[in-house]
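# Residue-level structural notes
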Amino acid sequence: MARYDQRLNHQPRPCNITTNFMETADGSCLISTGRTRVICTASVEEGVPPFLRGTGRGWVTAEYAMLPASTGRRKQRDGIKKDGRSVEIQRLIGRSLRQAVDMNRLGERTITLDCDVLQADGGTRTASITGAYVALVLAVNKLMRDGLLEENPIIGQVAAISAGIVEDQPMLDLCYVEDSAAQTDMNLVMNQRGEFIELQGTGEGRAFTNLELNSILDMGRAGIRGLMRIQREALKGQGDWLLPARRIVVATGNAHKLQELSDIFGGMVELISMKDAGFTGDIEENGDSFEANAAIKAEAVARLTGLPTLADDSGLSVDALGGAPGVYSARYAGTHGDDNANNDLLLQNMAGVENRTCRFVCAMALALPGEQTHVVRGECVGELLSERSGQGGFGYDPLFRYRSGKTFAQMTEKEKNAVSHRAAASVKMREIIAGVL
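Criteria and cut-off values
- Residues numbered from 1 in each chain as written.
- Predicted model: local features only at pLDDT ≥ 70, side-chain atom pairs only at ≥ 80, totals over all residues.
- Heavy atoms only, no water.
- Helix = DSSP H or I, 4+ residues; strand = E, 2+ residues; numbered from the N terminus.
- Buried < 20%, exposed > 50% of the residue type's maximum accessible area, 1.4 Å probe, protein only.
- Contact = heavy atoms within 4.5 Å.
- Areas by Shrake-Rupley, 256 points an atom, 1.4 Å probe, with all protein chains shown as cover.
- Lys, Arg positive; Asp, Glu negative; His and termini not counted.
- Charge placed at Lys NZ, Arg CZ, Asp CG, Glu CD.
- Pairing = 2+ DSSP bridges.
- Axes fitted to C-alpha atoms, helices over the stretch in contact; angles between N-to-C directions.
- Salt bridge = Lys/Arg side-chain N within 4 Å of Asp/Glu carboxyl O.
- Phe/Tyr/Trp six-rings, centres within 6.5 Å; stacked < 30°, edge-to-face > 60°.
- Expected span 1.5 Å × (residues − 1).
- Disulfide = S-S within 2.5 Å.
- Polar contact = N/O pair within 3.5 Å; in protein donor to acceptor, adjacent residues only side chain to side chain.

## Concerning the overall build of the protein
For the protein, the helix and strand inventory stands at 10 helices and 15 strands. Overall size of the protein, expressed as C-alpha extent along the three principal axes, is 90 × 55 × 30 Å. Each of the 437 residues in the protein was classed as buried or not, and the buried ones make up 52%. Counting contacts in the protein only where the partners sit at least 6 residues apart, residues at least 24 apart contribute 65% of the total. Carbon and sulfur atoms make up 47% of the accessible area of the protein, which amounts to about 19,600 Å² in all. Of the charged side chains in the protein, 48 are positive and 55 negative; the average position of the first set lies 4 Å away from that of the second.

Now the structure itself:
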């Protein structure tokens, strides 16, 4: 079916966040998602509810209301007793945003997030959560700037989006027309680690299958990644420094490689091993190129964990051997990871050969659930020695002499990370990560 506003099923509505919309608030923004518009404000008060007094802990709470003209038909203002829907939504907003704050660092003060819907066209609760997070960070930034907080209490980034099944098709970010006809309606709230804070899903018209659920979750993850980019852009120069790093899984069991990548990316993202992300299976690397193998690994881990996954496939390519060991670098001598045997076989095959030109190659892939996989390539050209030199590194590092005159095994980690094939690929990958996460 064609969507009401001609979007593709996986496309979210255009989202815009205008910060400091209310000059009198400690933090504020106007968030627009399609035709839904919500004013989100954050107000800071000294003191906490009675159950927290004397604990040293702070509190984050929320209130939600739809203004009378927010729908086509006038909605009566909430009185002392709010309607049940508003109460449910404001509790959801409060629960979600408390996940973003370390209450001990906040101290005994309360931040109240008020979300007032100016115009409703579906997804008001998810827009409120996404906008209220921006208002919250702006308020904390003000507290830090005024010297009222010594330690940053923001420990998570939070955003939310709706999804559902309409006429048997999974769709992202439903407008009112789609939401009112949805067979399945779902709201997703997530953090920057790719973890779910809350899932609200109901088969209102019919039950939904596991396949449909996975499709909705993939769309939702992709949509929330996009909203988090918009949040960070809106906060640029006025609180973005408070935000935690985004999490990426590295598809490797090699602790040395994980550390090397962590050093290269320098705090841009939080890298965790695939084991820490819950992936313990084996991956068959049967590609015929470094690029193919990198994509196979990244997509396998991303598929199981649901998280953005970085993988690389690297090795040594010797010109005189037609590019060998190539994709078989780690198992050149038959046993995977036997560096000594691999080096011995390479030296044997190169005995008496004058052309010693070789290159380390690294293909790096970033797999994003629900989106395309991005692949880049980096190379480092050098000379193959006839005997090992140096005690550091791993793999073929003792045989690879860089143009500086040192082998990779003779370099410090810092020296190697500045010129290596992995560093060259990482420079390209940093640009991609900045654009898609």
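## A short note on the sheet that holds strand β4 (residues 59-66)
Taken in spatial order, the 5 strands of this open sheet run β1-β2-β3-β5-β4, and their pairing is mixed. Looking at the sheet topology across the chains shown, the edges are occupied by β1 (15-19) and β4. Neighbour-to-neighbour, the strand axes of this sheet turn through a mean angle of 20 degrees, independent of strand direction. Bridge count between β4 and strand β5 (residues 109-119): 8 bridges; the pairing is parallel. By the bridge assignment, Met-66 is partnered in β5 with Val-117. On top of the sheet, helix α1 (residues 84-98) reaches β4 and β5; it is set at about 145 degrees to β4, its chief contact. Packing against the sheet, helix α3 (residues 124-145) makes contact with β1, β2 (27-33), β3 (36-46), β4 and β5, and its axis sits at approximately 35 degrees to β3.

## Some thoughts on the pattern of salt bridges
Should their charged atoms come close, side chains of opposite charge can pair. The final tally for this structure, using the stated rule, is 33 salt bridges. Among the ionic pairs, Arg-109 bridges to Glu-46, the shortest N-O distance being 3.2 Å. Of the two residues, Arg-109 sits in strand β5 while Glu-46 sits in strand β3, which places them 63 residues apart along the sequence. A residue is classified by how much of its surface remains accessible, and Arg-109, at 9% relative accessible area, is buried. In this structure, Arg-359 and Asp-319 form a salt bridge, with 3.2 Å as the shortest nitrogen-oxygen distance. Note that Arg-359 is positioned in strand β13 (residues 357-367) and Asp-319 in the loop between β12 (309-318) and α8 (339-349), a separation of 40 residues in sequence. Taken together, the salt bridges that share partners define one network made up of Lys-257, Glu-260, Asp-312, Asp-397, Lys-416 and Arg-422.

## Some details on the packing of aromatic side chains
Under the criterion given, the structure shown has 4 aromatic pairs. For the pair Phe-360 and Phe-408, a centre-to-centre distance of 5.5 Å together with 10 degrees between the ring planes defines the contact as stacked. Note that Phe-360 is positioned in strand β13 and Phe-408 in the loop between β15 (400-401) and α9 (413-419), a separation of 48 residues in sequence. Under the relative-accessibility criterion, Phe-360 is labelled buried at 5%. Judged by relative accessible area, which is 1%, Phe-408 ranks as buried. Of the aromatic side chains, those joined through ring pairs into one cluster are Phe-360, Phe-400 and Phe-408.

## So, helix α7 (residues 290-305)
Given a rise of 1.5 Å per residue, 16 residues ought to cover 22 Å, and the 23 Å separating the end C-alpha atoms of α7 matches this to within 8%. Burial in α7 covers these residues: Phe-290, Asn-293, Ala-294, Ala-295, Lys-297, Ala-298, Ala-300, Val-301, Ala-302 and Thr-305.

## Examining the pairing of β12
Most of β12 sits inside the fold, with 9 of its 10 residues counted as buried. Pairing between strand β10 (residues 246-250) and β12: 2 bridges, direction parallel. Within β12, the residue paired with Val-249 across the bridge is Thr-309. Bridge count between β12 and β13: 10 bridges; the pairing is antiparallel. The residue of β13 that forms the bridge with Asp-313 is Ala-363.

## Overview of the state of the cysteines
If you walk through the whole model with that rule in mind, you get 0 disulfides. The cysteine Cys-175 is free of any disulfide, with Cys-15 supplying the nearest cysteine sulfur at 15 Å. With relative accessibility at 1%, the residue Cys-175 sits in the buried group. With no disulfide of its own, Cys-380 lies closest to Cys-358 among cysteine sulfurs, the gap being 9.1 Å.

## A word on the side chain of Asp-312
Here Asp-312 is to be found in strand β12. A polar contact of 3.1 Å, which involves the side chain of Asp-312, links it to the side chain of Lys-257. A polar atom in the side chain of Asp-312 sits 2.9 Å from the side chain of Arg-422. In contact with Asp-312, not counting residues within four places along its chain, are Lys-257, Ala-294, Lys-297, Cys-362, Ala-363, Met-364 and Arg-422.

These figures capture arrangement, not role.
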